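# Results of the structural survey
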Amino acid sequence: MKKLFTNSVFTIVLLLGCSTMGIAQKTLSTGNKAFPVASITTGVAAPTVTGVAASSILVTTATLNGTVNANGASSVVSFEYGTTTGYGSTATASQSPVSGSTVTSVSGNITGLTANTTYHFRVKAVNAGGTSYSSDLTFQTLTPGTWTGNGNSSQWADANNWAGGSVPTSSTNVTIPSSGITYLPMIFQTDKAECNNLTVADGDLEILSYPSGTGSLIVHGTASGNVWSDVYLPSN
């Protein structure tokens, strides 16, 4: 009787449509003979990534954003950032690793930045199919005397409303931005405010005056922009 298998090595390659297949050899036993047979794994696509503008930008901190489609394979996501397109620093995305085949929003909080500095960043995602990068994006950190309104109020004397977390003093250069703020600053009737230079962009700065008192602002340097004085008189 003729033997079905010999010591020859067989390589089996299966072509399934247009799929990309990976071939890895195994050894199967048949009686007292053994031969290698291919195992098949479906090809994996690299992640698809997009950068999204940075947010929550302050003096030394910011939040980097992006989107990632893992294309069906678990993907490790991070942000590369620095003062040049050489980057140099890395932060892991809070949502990493990302999986599935839908677009997922990702973000990463970074600290230790330098005030009034332009930074570059991009999104990086890695899975079994390869590594993908977003295009380069930039943002600029704030100076300590920039009004943010993050204290959810309009009061000048609220430290949470200022980049850097402190109320301006006589040596602080103050900037009231033209956009990106919900609450415009007001100097309440009990406030005694001061700063060095004052720049009010397209927004407004209001000084309130009531019968019970009037707010004040001393500018030790130069001033530009709109400053309003609101006077409230008794109803009788």
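As a reminder, the structure under discussion sits directly above these lines.
The residue numbering used here restarts from 1 in each chain and proceeds along that chain's sequence as written. Owing to the predicted nature of the model, reporting of local features is limited to residues with pLDDT of at least 70; listing and counting of side-chain atom pairs is limited to 80 or more, with chain, interface and lining totals taken over all residues. Water and hydrogen atoms were dropped before computing side-chain values, which therefore reflect all heavy atoms in the structure.

### Some points on the overall build of the protein chain
The number of helices and strands found in the protein chain is zero helices and 17 strands. Every one of the 236 residues in the protein chain was classed for burial, and the buried ones make up 33%. Should any heavy atoms of two residues lie within 4.5 Å, those residues are considered in contact. Long-range pairs, those at least 24 residues apart, make up 54% of the contacts in the protein chain with a sequence separation of at least 6. Surface exposure of the protein chain reaches about 13,300 Å², of which carbon and sulfur atoms provide 51%. The numbering of helices and of strands both runs from the N terminus, where a helix is a DSSP run of H or I of at least 4 residues and a strand a run of E of at least 2. The classification of residues rests on relative accessible area computed with a 1.4 Å probe and restricted to protein chains. Under 20% of the type maximum is buried, over 50% is exposed, and intermediate values are partly exposed. The method behind every accessible area is Shrake-Rupley, applied with a 1.4 Å probe, and residues are considered shielded solely by the protein chains displayed.

### Comments concerning the packing of aromatic side chains
Pairing of aromatic rings covers Phe, Tyr and Trp, the last counted by its six-membered ring, and requires centre-to-centre distances within 6.5 Å; plane angles under 30 degrees mean stacked, over 60 mean edge-to-face, and any other angle means tilted. Evaluation of the coordinates by the stated rule reveals four aromatic pairs. Measuring from centroid to centroid gives 5.1 Å for Trp147 and Trp162, while their planes differ by 85°, and the two rings are edge-to-face. On the criterion of sequence distance, the pair formed by Trp147 in the loop between strand S10 (137-140) and strand S11 (174-176) and Trp162 in the loop between S10 and S11 is long-range, its members being 15 residues apart. Three or more aromatic residues joined by ring pairs form one cluster here, namely Tyr119, Phe121 and Phe139. A ring is scored as having a charge over it whenever the NZ atom of a lysine or the CZ atom of an arginine sits within 6 Å of its centre and within 35 degrees of its normal. Above the face of the Tyr133 ring, Arg122 is positioned so that its terminal group lies 4.0 Å from the ring centre.

### Let's talk about the nonpolar core
Residues grouped as a nonpolar core are buried Ala, Val, Leu, Ile, Met, Phe, Trp, Tyr and Cys residues, joined through side-chain atoms within 4.5 Å. Leu64, Val68, Val77, Ile110, Phe121 and Phe139 are the most contacted members of the largest nonpolar core, which totals 21 residues. Of all the secondary structure elements, the ones that give two or more residues to this core are strand S3 (48-55), strand S4 (62-69), strand S5 (76-82), strand S7 (103-110), strand S8 (118-127) and S10. If you tally residues by element for this core, the top one is S8, at four residues. Formed by twelve residues, the second largest nonpolar core is a distinct cluster that contains Trp162, Val174, Ile187 and Cys195.

### Digging into the pattern of salt bridges
Salt bridges, as used here, are contacts in which a Lys or Arg side-chain nitrogen is within 4 Å of a carboxyl oxygen on Asp or Glu. Per the counting criterion, the structure on display carries one salt bridge. Among the salt bridges present, the one from Arg122 reaches Glu80, with a minimum N-O distance of 2.7 Å. Of this pair, Arg122 sits in strand S8 while Glu80 sits in strand S5, and the two are 42 residues apart along the sequence. Owing to a relative accessible area of 13%, Glu80 belongs among the buried residues under this scheme.

### Some words on the pairing of S4
Extensive coverage of S4 is indicated by the burial of eight of its eight residues. Being paired, for any two strands, means DSSP has found at least two bridges between them. With six bridges joining them, S3 and S4 adopt antiparallel strand pairing. Bridge assignment links Ser55 to a residue of S4, and that residue is Thr63. Taking the residues that link successive antiparallel strands as the turn, the S3-S4 hairpin has six residues, and the phi of Ser56 there is positive, at about 50°. The pairing of S4 with S7 spans eight bridges and is antiparallel. Paired with Thr63 across the two strands is Asn109, which belongs to S7.

### Looking at unusual backbone geometry
A cis geometry characterises the amide bond from Ser96 onward to Pro97, with omega recorded as 0°. With respect to the helices and strands, Pro97 occurs in the loop between strand S6 (89-92) and S7.

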